[in-house]
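# Observations on the three-dimensional arrangement
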Amino acid sequence: MKKTVRFLSIVLVFIMVATMLTSCGSKYPALQKAFKDKGYEENAKFTTIAEAVKAELEQEEYAVELHMLTKTDGLASVLIIEFKSTKELTEAYNKSNTMQGFVKDVQENEDVNKVYDELAKAGYACGNCLCLPLAILSVNEITNVVKSVSGK
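Attention here is on the structure that accompanies the text.

Another point: the overall build of the protein chain. From N to C terminus, the protein chain includes seven helices and five strands. Secondary structure elements in the protein chain, listed N-terminal to C-terminal, are α-α-β-α-β-β-α-α-α-β-β-α. Considering only intrachain contacts with a sequence separation of at least 6, the fraction spanning at least 24 residues in the protein chain is 63%. A total accessible area of about 9,500 Å² is found for the protein chain, and carbon and sulfur atoms account for 55% of it.

And the structure:
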């Protein structure tokens, strides 16, 4: 009986550890709250830009969620692309000329971790989310919000 209880306890511990390691959770709720605090709201109408990004990612077989937030005055918008993992985020970024066109100040690098770190440092990535400013005038505001959430 002791051996059975001990075996079951060990199995349960391994299951708990595996669950904790695989459930890294999305950063989108934190980003959404930070943007809402700055006057942004969910925008269900995707622009042609958002549709182009989504189509490009679907061709590469990435499963993503798209979220568009627009400032209440309508002058600034951000497209948040929520990936399954940061690895998928950096792979998709490296393959996409469309996404690279939105992001400035990021050097091309072959190391996935370095690319992600550069994106986060510049204020375009947070966890599994890539944030693309859709208005030139709001780039600094948007990247600062992303940096405040990511802590970079």
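This part covers the packing of aromatic side chains. Following the criterion strictly, the structure yields two aromatic pairs and no others. Taking 6.3 Å as the distance between ring centres and 80° as the angle between the ring planes, the aromatic pair formed by Tyr62 and Phe83 counts as edge-to-face. Of the two residues, Tyr62 is situated in the loop between helix H3 (48-59) and strand S2 (65-71) and Phe83 in the loop between strand S3 (77-82) and helix H4 (86-95); the sequence distance between them amounts to 21 residues. Accessibility expressed as a relative area gives 9% for Tyr62, which makes it buried.

Here we take up the sheet that holds strand S5 (residues 129-133). Sheet architecture is open: five strands sit in the order S1-S2-S3-S5-S4, paired in antiparallel fashion. The two strands at the open ends of the sheet, each matched to only one other strand, are strand S1 (40-42) and strand S4 (125-126). Taken together, the two bridges between S4 and S5 define a ladder with antiparallel strand orientation. Paired with Ala125 across the bridge in S5 is Leu130.

Below, the discussion takes up the pattern of salt bridges. Across all of its chains, the model carries three salt bridges by this definition. Residue Asp37 pairs with Lys33 through a salt bridge whose shortest N-O separation is 3.1 Å. Residue Asp37 and its partner Lys33 are located together in helix H2 (residues 28-37), separated by four residues, close to a single helical turn. Just as Asp37 is exposed, Lys33 falls in that class too.

The next subject is the environment of Lys84. Its location among the elements puts Lys84 in the loop between S3 and H4. Residues Lys84 and Cys129, spaced 45 residues apart in sequence, show a C-alpha to C-alpha distance of 8.8 Å. The residues touching Lys84, leaving out its near neighbours within four places in the chain, are Ala63 and Asn128.

This paragraph deals with the side chain of His67. By the element assignment, His67 lies in strand S2. Polar side-chain contacts of His67 include one of 2.8 Å to the side chain of Glu82. Those residues within four positions of His67 in sequence are excluded, and the remaining contacts are Tyr28, Phe46, Val78, Leu79, Ile80 and Glu82.

Conventions we followed
Residues numbered from 1 in each chain as written. Predicted model: local features only at pLDDT ≥ 70, side-chain atom pairs only at ≥ 80, totals over all residues. Heavy atoms only, no water. Helix = DSSP H or I, 4+ residues; strand = E, 2+ residues; numbered from the N terminus. Contact = heavy atoms within 4.5 Å. Areas by Shrake-Rupley, 256 points an atom, 1.4 Å probe, with all protein chains shown as cover. Phe/Tyr/Trp six-rings, centres within 6.5 Å; stacked < 30°, edge-to-face > 60°. Buried < 20%, exposed > 50% of the residue type's maximum accessible area, 1.4 Å probe, protein only. Pairing = 2+ DSSP bridges. Salt bridge = Lys/Arg side-chain N within 4 Å of Asp/Glu carboxyl O. Polar contact = N/O pair within 3.5 Å; in protein donor to acceptor, adjacent residues only side chain to side chain.

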